[in-house]
Structure formats: structure tokens, C-alpha cells
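Architecture at a glance
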Amino acid sequence: MATPLPVRIEFIRGPGAEDCPDEQFLRAETARAMGGVDPYDAEAPFTMTASIERRRGKLAASLFLRDGDGHGRWADGFSARDDCKVLVTAMALSIALLLDDASELPAPPVAPAKPASPPAPPEEPCSPERPCPPKPAPAPSSPPRTASPVRAPPRSSAPPVAGERFRWVAGLGAVTGLGMTPGLAAGPALSVGARWPAWSVALEVRALASLPKTIDKVPMAVSLLTTNIALCHHRQILFACGLSEFGRLRASPDVPLGGASRLNLRAGLGARIGIDWPFSESFSTSGYTDVVHTLIDTAIDRHPGAPGSERALWSAPNVSVAFGLGVHASF
């Protein structure tokens, strides 16, 4: 059985990766991947530098092995979206695959030996009759050559990391909208869904209340409960979605004969654009704008028998707009 190659370890957590697992976690995962053998030795001639940082919203990891002369001998790198623990575990596995068989590590380049020069003929001693010939000037010395780094062997490829896995997402936020109720509406929103690397689907529930308390001089409380389904495509921190909306509008007049108190069905199709900004391994915040075209009209009618009962108190426009902010947790 081949002896693992001992190395010194340098573990660096750069900007955006301060909360990632520490060097002790990397050591333990490497030893576990190598069957309990700890390959790290502070006196080893080889040095393994492992670094991790956040770049453009993603976690990026890099590995670099150099010998005692500082020459690069091996390198590897990969990235993930937000699961730092799985990314550090993948780094440990990549190190273990390399160190498990030291015979596969490329040897440093060796300069070819120079051929021996033929022996010089014996020189006769100088004399007044035979003066010594002038000695040639010494040739300038050439600068030392530096060995080029060796590319990584193919067997050290790491497994898929966290940015490529399926995960559940739950969210809590606040929404304001125009065109869904009389005047401006506002209220909370809850969501649950699933996320792949570039796609997500979410089921949202909103409970909105109309801020105006009087409609056409009739005191009235209006609320709207909706269920939305959003199918989204993500590209870095931006996302765009197709949206379907179903809901019921409830109007409760303070004066019984002033307006109708009933449930109104609402349905529509629309689109959403927004920004999703991660600020830790499992949490992110988002802001978005919805534009929905109404398929089923909603209206608040006057009570039968009231003056002008043939004219509605309020009718929904063909297009409504909503603005939302929220936080999301993935697991």
C-alpha cells in the first residue's frame, strides 16, 4: 500500500468566507477521507495552500501544492453558490485523492547533464623565449532557469458541490400593490418552494388590505387574499419569472345599505423581475416587481336598492402592479 505524501497546510478564508468551516474541519475531513490517516505535517517539505472566498455572489475554492523550492507541483479549483461546508468537504476530498498515492505526483523537471569536456593538453612552462599566450575573457553566466508548474493530474477532480444540488426555500416578506384593491394595498407574504442551480418554483400566499377606508364616500374595509405560483430563471443575482395569480376580494361596508359585502374571485397572469442577493450560506434577501394582467374582473357593487346601484363602487383595472421585499432561507 502506498504511503500518503505528508504536506504542510495553509488554509485561508478570504472576503465573504469568514463564516466557513475552519482549518480543523478541513484537517478532520481529509483524515476521514484517507481512512483515519492525517497527512498534515508542519515539518513536511511540500506545502498545500487551500483558499476560499466569495466572488460575484459565489464561493470559489482553490488548491495549490508547491515543493520546498517554491515550484508549483499541482493545482485544483471549483466553486459553489452558498453551501460553504460542502465546498470545504470537497476540498478535503480533492487533497486526499492526490496525497493517497504519492507515486502519481509529477517529479520536478531535471536539467540534462552536460557532456564532459576532453582533457586539455599539458601546457609548457612560460619562458623568455616562449611567452604565455593571453587568456580569453570569461563568458557571461546565463540566468538560472525556473521550473514551470505541472498541471493537475486528471484523477484529482472534485465531486459536484453545493451550488449544483436541489434545495428547499422558504420566504417571508412584505408586498404593496396598485390595481388589486381600491387605492394602495399592503400586507405580508409567505412562500415555500424548491431551487435548482438556475431554476426555482415557489408557492406564495399574500394577505393584503386596502389602505383607503372610504370608497366613493362609502366607509368600507377591503381585503384581498391571493395565492401565486412563480416559475423563475436565475442568472447570478438577477431572476425573471412567469406568474399566475388566484385570489378573492372581500368588501365589508360599515353602512349595510351603502355597498355589497361579498367575495369576489380574482385571477390573472403576469411576469416578475427581481434581484436575489445572498448574504450568508443559507440566507438571502430579494426585491422584485410584478405586473399582472387580470383575466377575471373583480368589482365592488352597491347594495341592491341603494341610489345608483347600477354603478359599481369600484372595478379592478386590467393591469395591476406589485412591489415586494423579502428574506429567504434554504435548506
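As the structure is a prediction and not an experimental result, all values here were calculated from the model. (Residues numbered from 1 in each chain as written. Predicted model: local features only at pLDDT ≥ 70, side-chain atom pairs only at ≥ 80, totals over all residues. Heavy atoms only, no water.)

Observations concerning the nonpolar core
Judged by nonpolar contacts, the single largest core of 30 residues is most densely connected at V7, L26, M48, I52 and M91. At the level of elements, β1 (7-13), β2 (46-55), β3 (58-66), β4 (72-80) and α2 (84-99) are the ones that each hand at least two residues to this core. At 10 residues, α2 tops the list of elements feeding residues into this core. Residues contacting M48, with those up to four places away along its chain left out, are V7, R8, I9, E10, L63, F64, L65, W74, I95 and L98. With 24 residues, the next largest nonpolar core counts V218, F239, L243 and A251 among its residues. (Core = buried A, V, L, I, M, F, W, Y, C linked by side-chain atoms within 4.5 Å. Buried < 20%, exposed > 50% of the residue type's maximum accessible area, 1.4 Å probe, protein only. Helix = DSSP H or I, 4+ residues; strand = E, 2+ residues; numbered from the N terminus. Contact = heavy atoms within 4.5 Å.)

Focus: the sheet that holds β3
Ordered by their spatial adjacency, 4 strands build an open sheet running β1-β2-β3-β4, and the pairing between neighbours is mixed. Strands with a single pairing partner mark the edges of an open sheet, and in this sheet they are β1 and β4. For this sheet the average axis-to-axis angle between neighbouring strands, irrespective of direction, equals 15 degrees. Pairing analysis gives 7 bridges linking β1 to β2, with the strands arranged parallel. When the bridges of β2 are listed, R13 appears paired with I52. In the packing of helix α1 (residues 23-33) onto the sheet, contacts are made with β1 and β2, and the angle to β1 comes to roughly 135 degrees. (Pairing = 2+ DSSP bridges. Axes fitted to C-alpha atoms, helices over the stretch in contact; angles between N-to-C directions.)

A short note on α1
Taken residue by residue, α1 has L26, E29, T30 and A31 as its buried positions. Packed against the buried residues of α1 are β1, β2 and α2. Directly after α1, the chain includes G35, whose backbone phi takes a positive value near 70 degrees.

Details of the confidence of the model for the protein chain
Low-pLDDT stretches of the model should not have their predicted coordinates read in fine detail. Confidence in the prediction of the protein chain, expressed as mean pLDDT, is 80, and 74% of residues score 70 or more. Within the protein chain, strand β13 (residues 299-300) has the poorest average pLDDT of any element, 82, and strand β6 (residues 184-195) the best, 95. (pLDDT = per-residue confidence, 0-100.)

A short note on the pattern of salt bridges
Here the structure, examined in full by the defined rule, presents 11 salt bridges. The closest approach of N and O atoms between E23 and R27, which form a salt bridge, is 3.0 Å. You can see E23 and its partner R27 sitting in helix α1, 4 residues apart, about one turn around the helix. E23 gets classed as partly exposed once you look at its relative accessible area, which sits at 26%. By relative accessible area, which is 24% here, R27 ends up partly exposed. One salt bridge in this structure joins D290 and R272, with 2.6 Å as the shortest N-O distance. Placement of D290 in strand β12 (residues 283-296) and of R272 in strand β11 (residues 263-278) is noted, with a sequence separation of 18 residues between them. Both residues of the pair, D290 and R272, belong to the buried class. (Salt bridge = Lys/Arg side-chain N within 4 Å of Asp/Glu carboxyl O.)

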